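Structural overview
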Amino acid sequence: MISEVLMQKLGVKGLCDDSRRVKAGDLFFSFANENATEFAKDAVANGAVAVIGETLAPEGLTSRWIQVNSVADARLEAAKIFYQNPFSKLKAHAVTGTNGKTTSAFLMDAMLTAAGRKVALLGTIMNKIGESKVPASLTTPGLLDLYAFASRAVESGCTDLVMETSSHALHQGRVAGIQFASGLFSNLTQDHLDYHKTMEAYFEAKKLLFTRYLSKDGVAVINVDDSFGERLYDGLGGKKVAVSLKKKEKALVRPEGVVENTENGLKFLVPAISAVPFETTLCGDFNGDNVLLVLAWAKALGLSEQAVRSALNSIRVPGRFEKVWNRNGRHVIVDYAHTPDALERVLLTARSLCRGNLSVVFGCGGDRDKTKRPIMGGIAERFSDKAWLTSDNPRTENPGDIIKDVLAGMNTDKFEVVENRAEAIAKACAALKEGDWLVIAGKGHEDYQIIGKTKHHFDDHEEVVKAMEKC
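Residues numbered from 1 in each chain as written. Predicted model: local features only at pLDDT ≥ 70, side-chain atom pairs only at ≥ 80, totals over all residues. Heavy atoms only, no water.

1. Overview of the packing of helix α4 (residues 101–114) against helix α10 (residues 285–301)
- Across the interface, α4 lies against α10 with an axial gap of 9 Å and an inter-helix angle of 35°. Our pair here, α4 against α10, has a crossing hand that is right-handed. In contact with Thr103, Ser104, Leu107, Met108, Met111 and Leu112 of α4, α10 contributes Asn287, Asn290, Val291, Leu293, Val294, Leu295, Trp297, Ala298 and Leu301.
- Counted by class, the contact of α4 with α10 contains 11 nonpolar, 4 polar and no charged residues. (Axes fitted to C-alpha atoms, helices over the stretch in contact; angles between N-to-C directions. Helix = DSSP H or I, 4+ residues; strand = E, 2+ residues; numbered from the N terminus. Left-handed = near helix turned anticlockwise from the far one by under 90°. Contact = heavy atoms within 4.5 Å. Nonpolar A, V, L, I, M, F, W, Y, C, P; charged D, E, K, R; others polar.)

Listed below in structure tokens is the structure:
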């Protein structure tokens, strides 16, 4: 296997498992696939000092090839050696679930920071170390990028790492070698079936956070209002906390009395945590779930109530039920909702606050789970007064074909098709009257649109401001 002595002998200057990113001095990890030999040769041509593979050396690579039983195990061992095992020096906290990961992670980061800890954050919207921010490309990065990031966090004096942990990352072992101090489960609803195929397989992937990657002394905090969450909670041993916005008896952490939900935020009492109600600028039942989940987590970690309240009062999550326009009685919300459950929750929240008509602009991503498209069409039809169907990130699919899939779930004429997203937003904004609300769903914080294989600059926020200033 890989050893520190071997890596010193080779003069390893970096680790890489993507031949396109290899730099001179890198140790390259070659995973078996139909193009493995070609990738390995490319890596050597780009300056790799050696290639780690499970097969015999391909022709022309004998002098650079090191055969091992498991490339995945060798990569993990090399990462621990090269990056000096950063996860032994950080308290790592993971949140998983279909919806709510980003808001929960932002809350966790804010609470830890308010408690005086220096925090690194990995998530959908951004990665950051302390106050230094960098763009995020994947919800959970690849293993080598993850270890490199953790190493930089340790060097910067971070004590904690908060990360959104996707089902793909758990299934693919991208978090191998980490023993999380805490794991949170928000919910599980339809998404990513293009990858997992079934909801059961999707659940089993999420479950790995708690059965494989949570430390022996780690705490699991689980939303049991979710049926999958309830199954998960019932099947786990060790330290675990159940939360329930619906006030299920098995949940120690649940609200008492009425949950106040207005356009200015949420307010509710949680006797298991404090005798004084908690308030936050976040609004909507879905954010009630997120707040309750993280309140229970903060209590389990022993964070001060002052830190918790400070974070709740100051939190802002880009692209999550974000009020982009709120003037002259016209309200425009931008939200990342791109699953059936998320879209329904956002529309229900907007409906509860809306005094006029509620409309929605949305589309579905191309080259992704097609089965959710008609479901989302039906949800938009049921919970809004008008839907503007448009493009999201069509990728390599024809936008018109995606819209046809969405329309298959709609039975009325409460919609208008405007394929160009900027035009759809402009028309929807122009149609607003006093008291009306508009939800623009699907992209949230994203400042791009993927058409074909190319990213083009596109920001829902910018389009709203341009459109509303003309109204």
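Continuing now.
2. Topic: the nonpolar core
- Counting 57 residues, the largest nonpolar core has Leu15, Phe29 and Phe180 as its most contacted members.
- Ranked by residues supplied to this core, first place goes to helix α5 (residues 143–155) with 8 residues.
- Those residues in contact with phenylalanine 29 that lie beyond four places of it in its chain are Leu15, Cys16, Asp17, Ile52, Val71, Ala74, Arg75, Ala78 and Leu144.
- Membership of the second largest hydrophobic core comes to 40 residues, among which are Val243, Val253, Val294 and Leu312. (Core = buried A, V, L, I, M, F, W, Y, C linked by side-chain atoms within 4.5 Å. Buried < 20%, exposed > 50% of the residue type's maximum accessible area, 1.4 Å probe, protein only.)

3. Quick word on the sheet that holds strand β1 (residues 14–16)
- Reading across the sheet, the 4 strands line up as β1-β2-β3-β4 and stay open at both edges, with parallel pairing between neighbours. Every other strand in the sheet has two partners, leaving β1 and β4 (65–67) as the edge strands with one partner each. Adjacent strand axes in the sheet meet at a mean angle of 25°, parallel and antiparallel pairs treated alike.
- Where β1 meets strand β2 (residues 26–29), 3 bridges bridge the pair, whose relative direction is parallel. Note on β2: the bridge partner recorded for cysteine 16 is phenylalanine 28. (Pairing = 2+ DSSP bridges.)

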